[in-house]
Amino acid sequence: MEEDSPGARYEAGLSDDRRAALGAYYTPPAIAAGVCEWAIRPRAAGPARVLDPAAGSGRFAVAARDRLAETASAATPSEVLDHVVAVDVDGDALALAVSNLTAGDEWPDEQQVRTMEASFFDCSPGAFAGEGRTGEGTFDAVVGNPPYIRQEQLAPDRDHYRDHLRAFGPEGDHPYHDGDRKLSTRSDAYVYFVTHGLQFLREGGRLGFLVPTKWLDTRYGEDLQRFLYDHTRLAAVVGFSARAFDALVDTVLLFAERCSDPAARADTVTDFVRLTDPVSPGRLARIVDGDRTVPGSQPFAVEADDSHRVVSVSQRTLAARGGSKLGYYLTAPTPFIELVERDRTVPLDTYADVSFGHKTGNNGFFLPDRSDVARWDLPGRFLRPAIRSLRDIETRRLEATDQFLLDMHDYVEAVREERPGTSDTDLEEAVKTALREDGHDAVLTYIQHGEAEGVPEGRTVSQHTPWFNLGELPAPEVLHPVFYNERVFTVENAGGFAPTNAIQRVDVTEYGNVVPHLLNTTLHKVLLELWGRHEGGGALQLLTYEVASVPIPDPARFSVEERAAIREAGERLLDGAGTQQALDEAVLAALDVGLSAEELQVAHERMLRRRVDGADTVAEQVRDDGDGRSGDD
């Protein structure tokens with residue numbers, strides 16, 4: 001389908017609202033052709049059968065038609081069209097797909113085209129059986145660009161997309177629907193297109209989809225990864241740099257082959273391909289179909305040239321690991337992949353407890369500043385020095401704050417102890433009575449002010465017991481932001497401040513003289529770029545479990561002298577007497593990875609600039625949802 005075809009004009013003319021409702025984001029023709037070249041293999045007995053379950057105006061269907069004409073040259077045009085099935089819920093788009101499929105004098109009229117205007121999840125494999133074809137596994141290839149619809153917007157409901165998962169597993173058992181391998185109910189629509197699409201493939205049939213990058217790095221994506229390891233030979237995942245296809249930097253190509261043989265799945269080598277320059281459809285297919293191996297002693301293998309890099313990993317290794325972060329195979333410079341894959345790093349939570357900061361439910365009430373404290377005459381007994389955000393913090397060691405959290409915990413517990421048998425329901429009035437009796441009228445007035453403002457009615461606040469009690473407010477050793485922009489950093493919590501939920505809490509449990517300094521290295525900044533999610537506007541976000549799992553150098557593998565050197569360089573940096581260079585050099589010397597501090601810092605600056613600047617300059621294929629990755633070395 002040409003870029004100026006009716007289908008292309010239809011795609012470009014969709015309103016933003018219509019595009020969002022359909023989840024419709026379209027594919028460059030060269031990409032569709034490359035996917036079809038890989039997925040559609042020549043057959044001895046006539047053309048292969050191909051299904052596009054989200055056909056839109058026909059980009060993949062046309063590419064499939066052309067590939068079938070090439071691989072089955074003896075077939076008539078009518079026979080070729082008979083072997084392409086296009087499904088879409090949008091009748092207007094499907095009409096254009098028919099028009100595009102029959103454009104040109106060599107193709108028969110529209111009556112020959114096999115289409116179905118329906119939700120793919122109202123379709124079963126048997127619906128397309130036809131003459132000489134029966135039931136499940138009736139297609140040789142399933143290709144397409146599934147709609148990008150977030151899980152909150154699945155219509156008519158989530159069950160419509162999930163019911164097909166009952167078909168996977170033993171009779172009477174539904175492990176992927178509601179069992180021990182359940183796919184997350186937070187999955188977006190494209191996940192279900194992958195799982196449902198596999199049911200339409202014969203054994204050895206191939207699936208080639210263009211999907212968002214999210215499944216490589218999110219918690220729900222881990223469930224899809226395990227599903228793929230259980231049912232397919234995961235051949236390749238292909239990502240794009242801006243130089244290759246700047247409209248696709250937040251998407252990847254998924255190449256998988258249906259396989260019921262566990263040994264064959266385990267023996268598969270999965271290739272993570274990053275295209276750094278445009279390639280032809282044939283070259284893309286050949287790259288993906290490369291017969292690569294991973295030496296038994298190696299966790300991965302690397303192949304690179306001017307147009308692409310391939311990181312190859314055994315599917316046995318991936319499956320044994322279960323769902324995990326995979327995006328760094330595409331985005332990380334090679335030395336950092338080696339660092340993460342080998343035994344030189346461990347997850348942060350090996351030596352620290354990581355938790356969410358305090359979620360108040362209403363910062364306006366629970367987080368007074370000094371002027372609020374003076375206005376309401378709140379006594380220090382009921383205030384906990386706090387930190388709301390690190391955005392404007394310029395120091396690595398935080399020793400002062402002008403904000404507080406309302407701290408009623410000790411007082412509430414004292415009232416509970418003094419009045420044994422007081423129920424949670426009666427506790428609020430008991431505390432208010434105690435405040436009045438103890439002369440804490442200012443605190444009682446402030447609580448009554450909150451009630452007049454409707455604070456107790458908030459969803460989070462209503463879960464407190466009583467509503468004005470935030471519970472214990474411990475202070476962590478290290479403050480780790482949830483969001484980063486251009487400044488990627490952590491802060492030593494020297495003042496012992498209680499953080500809000502804009503900050504992750506890191507409490508070091510072992511190697512307390514070393515681990516906090518590791519979090520101040522440029523290496524940690526690089527690993528955060530690889531482990532985090534790229535949010536709208538170029539921000540980097542890390543959820544609690546992601547901070548907990550981010551790799552750090554393992555201090556247990558350092559000598560006493562190496563740990564001492566890191567500690568000294570880290571302390572000098574915090575005191576303002578040392579440099580980032582000295583700390584980076586101390587850690588790199590202990591790791592012995594063949595990187596200089598300058599190279600490390602240049603690598604981080606490139607990754608940061610790619611994230612921040614790319615948010616403004618790269619046209620996105622999918623609607624921004626904060627989980628995309630992009631870039632090249």
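Keep in mind the model is a prediction, meaning the values are calculated, not measured.

Re the overall build of the chain
Next, step 1: When its secondary structure is counted, the chain shows 26 helices and 22 strands.
Next, step 2: Taking the principal axes of its C-alpha atoms as reference, the chain extends roughly 95 × 60 × 50 Å.
Next, step 3: Expressed as a percentage of its 633 residues, the buried residues of the chain come to 57%.
Next, step 4: For the chain, the accessible area works out to roughly 25,800 Å², and carbon and sulfur atoms hold 44% of it.
Next, step 5: Put simply, the chain has 65 plus and 106 minus side-chain charges, and the middle of one group is 2 Å from the middle of the other.

A look at the sheet that holds strand E20 (residues 533-534)
Next, step 1: Pairing within the open sheet is antiparallel, and its three strands lie in the order E16-E21-E20. Whereas interior strands pair on both sides, the edge strands pair on one side only; in this sheet they are strand E16 (483-484) and E20.
Next, step 2: Taken together, the two bridges between E20 and strand E21 (residues 540-541) define a ladder with antiparallel strand orientation. What sits directly across from His 534, in E21, is Leu 540.

Some words on the packing of aromatic side chains
In this description, an aromatic ring pair is defined by two values, namely the gap between the centres and the angle between the planes.
Next, step 1: Following the criterion strictly, the structure yields 23 aromatic pairs and no others.
Next, step 2: Measuring from ring centre to ring centre gives 5.4 Å for Trp 467 and Phe 468, while their planes differ by 80 degrees; the resulting arrangement is edge-to-face. Assigned by exposure class, Trp 467 and Phe 468 land together as buried.
Next, step 3: These aromatic residues form a ring-pair network of at least three members: Phe 120, Phe 121, Tyr 161, Tyr 192, Phe 193 and Phe 200.
Next, step 4: The residue whose ring lies beneath Arg 206 is Trp 38, and the NZ or CZ to ring-centre distance is 4.3 Å.
Next, step 5: Across from the ring centre of Phe 489, 4.2 Å away, lies the NZ or CZ of Arg 487, which sits over that ring.

Things to note about helix H18 (residues 409-418)
Next, step 1: Within H18, burial applies to His 409, Tyr 411, Val 412 and Val 415.
Next, step 2: Buried-residue contacts for H18 involve helix H19 (424-437).

Concerning the pairing of strand E3 (residues 114-117)
Next, step 1: Across four bridges, the pairing between strand E2 (residues 84-88) and E3 is parallel. Directly across from Val 87, in E3, lies its bridge partner Met 116.
Next, step 2: At this point the chain moves from E2, through helix H6 (residues 91-101), to the parallel E3, and the crossover so formed is right-handed.

A closer look at the packing of helix H8 (residues 189-198) against helix H9 (residues 219-231)
Next, step 1: Look at H8 against H9: their axes get within 11 Å of each other, and the N-to-C directions meet at 10 degrees. As far as their axial angle goes, H9 and H8 are roughly parallel. For H8 against H9, the interelement crossing comes out left-handed. Packed against H8, whose contacting residues are Tyr 190, Val 191, Val 194, Thr 195 and Leu 198, the element H9 presents Tyr 220, Leu 224, Phe 227 and Leu 228 at the interface.
Next, step 2: Here the residues of the contact of H8 with H9 are counted per class, giving eight nonpolar, one polar and no charged.

Describing the nonpolar core
Next, step 1: Counting residues in each nonpolar core, the largest one holds 108 residues, and the members touching the most others are Trp 215, Phe 272, Tyr 329, Leu 348, Leu 530 and Ile 566.
Next, step 2: Formed by 42 residues, the second largest nonpolar core is a distinct cluster that contains Leu 81, Val 84, Val 98 and Val 113.

Things to note about the state of the cysteines
Next, step 1: Counting across every chain of the model gives zero disulfides.
Next, step 2: Distance from the sulfur of Cys 36, which forms no disulfide, to the nearest cysteine sulfur (Cys 123) is 19 Å.
Next, step 3: Note on Cys 123: relative accessible area 5%, which makes it buried.

Quick notes on the environment of Gln 504
Next, step 1: Tracing the sequence through the fold places Gln 504 in strand E19 (residues 503-508).
Next, step 2: Spatially, the C-alpha atoms of Gln 504 and His 358 are 9.2 Å apart, while their sequence positions differ by 146 residues.
Next, step 3: Residues contacting Gln 504, with those up to four places away along its chain left out, are Ser 355, Phe 356, Val 478, Leu 479, His 480, Pro 481, Val 482, Leu 542, Leu 543, Thr 544 and Val 547.
Next, step 4: Looking at Gln 504, its side chain comes within polar contact range of the side chain of Thr 544, at 2.8 Å.

A short note on the confidence of the model for the chain
Next, step 1: Residues of the chain with pLDDT of at least 70 account for 90%, and the chain-wide mean is 89.
Next, step 2: Between residues 18-24, whose pLDDT stays under 50, and residues either more than four places distant or in other chains, the model counts 18 contacts.
Next, step 3: Note that pLDDT drops below 50 for residues 617-633; the model gives that stretch 73 contacts with residues more than four away or on any other chain.

Points about the pairing of strand E9 (residues 301-304)
Next, step 1: Inspection of the sheet shows E9 paired to strand E10 (residues 308-314) by four bridges, in the antiparallel sense. Of the residues in E10, the one forming a bridge with Ala 301 is Ser 312.
Next, step 2: Between the end of E9 and the start of E10, which pair antiparallel, lie three residues.

Considering the sheet that holds strand E18 (residues 498-499)
Next, step 1: Judged by pairing direction, the sheet is mixed, and its three strands sit side by side in the order E14-E13-E18 without closing on themselves. Strands with a single pairing partner mark the edges of an open sheet, and in this sheet they are strand E14 (403-406) and E18.
Next, step 2: As paired elements, strand E13 (residues 383-387) and E18 share two bridges and run parallel to each other. Each bridged residue has a counterpart across the sheet, and for Ile 387 the counterpart in E18 is Pro 499.

Some thoughts on the pattern of salt bridges
Next, step 1: Evaluated as defined, the whole model comprises 38 salt bridges.
Next, step 2: Two residues, Arg 233 and Glu 257, come together in a salt bridge whose shortest N-O distance is 3.4 Å. A residue pair is termed long-range when its members are at least 10 positions apart, and Arg 233 in strand E6 (residues 232-240) and Glu 257 in strand E7 (residues 251-258) qualify at 24 residues.
Next, step 3: Arg 233 sits in the partly exposed class, given a relative accessible area of 30%.

Some details on the environment of Gly 197
Next, step 1: Here Gly 197 lies in helix H8.
Next, step 2: Distance from Gly 197 to Phe 300, taken between C-alpha atoms, is 29 Å for residues 103 residues apart in sequence.
Next, step 3: Apart from the residues within four sequence positions on either side, Gly 197 is in contact with Phe 120, Val 142, Tyr 192 and Leu 207.

A look at unusual backbone geometry
Next, step 1: In this chain, Ala 155 is followed by Pro 156 through a cis amide linkage whose omega measures 5 degrees.
Next, step 2: Here Pro 156 shows up in the loop between strand E4 (139-144) and helix H7 (158-162).
Next, step 3: Each neighbour pair has its own omega, and for Thr 465 with Pro 466 the value is -15 degrees, a cis peptide bond.
Next, step 4: Turning to its location among the elements, Pro 466 is positioned in the loop between helix H20 (441-452) and strand E15 (478-481).
Next, step 5: Non-glycine residue Asp 377 carries a positive phi angle of around 55 degrees.
Next, step 6: Position of Asp 377 relative to the elements: it lies in the loop between helix H17 (370-376) and E13.
Next, step 7: In this model, Tyr 511 sits at a positive phi of 50 degrees, which is unusual for a non-glycine residue.
Next, step 8: Along the chain, the position of Tyr 511 falls in the loop between E19 and helix H21 (515-518).

Reading the values: rules and limits
- Residues numbered from 1 in each chain as written.
- Predicted model: local features only at pLDDT ≥ 70, side-chain atom pairs only at ≥ 80, totals over all residues.
- Heavy atoms only, no water.
- Helix = DSSP H or I, 4+ residues; strand = E, 2+ residues; numbered from the N terminus.
- Buried < 20%, exposed > 50% of the residue type's maximum accessible area, 1.4 Å probe, protein only.
- Areas by Shrake-Rupley, 256 points an atom, 1.4 Å probe, with all protein chains shown as cover.
- Lys, Arg positive; Asp, Glu negative; His and termini not counted.
- Charge placed at Lys NZ, Arg CZ, Asp CG, Glu CD.
- Pairing = 2+ DSSP bridges.
- Phe/Tyr/Trp six-rings, centres within 6.5 Å; stacked < 30°, edge-to-face > 60°.
- Lys NZ or Arg CZ within 6 Å of the ring centre and 35° of its normal.
- Contact = heavy atoms within 4.5 Å.
- Right-handed = clockwise from strand over helix to strand, strands pointing away.
- Axes fitted to C-alpha atoms, helices over the stretch in contact; angles between N-to-C directions.
- Parallel < 35°, antiparallel > 145°, perpendicular 65-115°, else oblique.
- Left-handed = near helix turned anticlockwise from the far one by under 90°.
- Nonpolar A, V, L, I, M, F, W, Y, C, P; charged D, E, K, R; others polar.
- Core = buried A, V, L, I, M, F, W, Y, C linked by side-chain atoms within 4.5 Å.
- Disulfide = S-S within 2.5 Å.
- Polar contact = N/O pair within 3.5 Å; in protein donor to acceptor, adjacent residues only side chain to side chain.
- pLDDT = per-residue confidence, 0-100.
- Salt bridge = Lys/Arg side-chain N within 4 Å of Asp/Glu carboxyl O.

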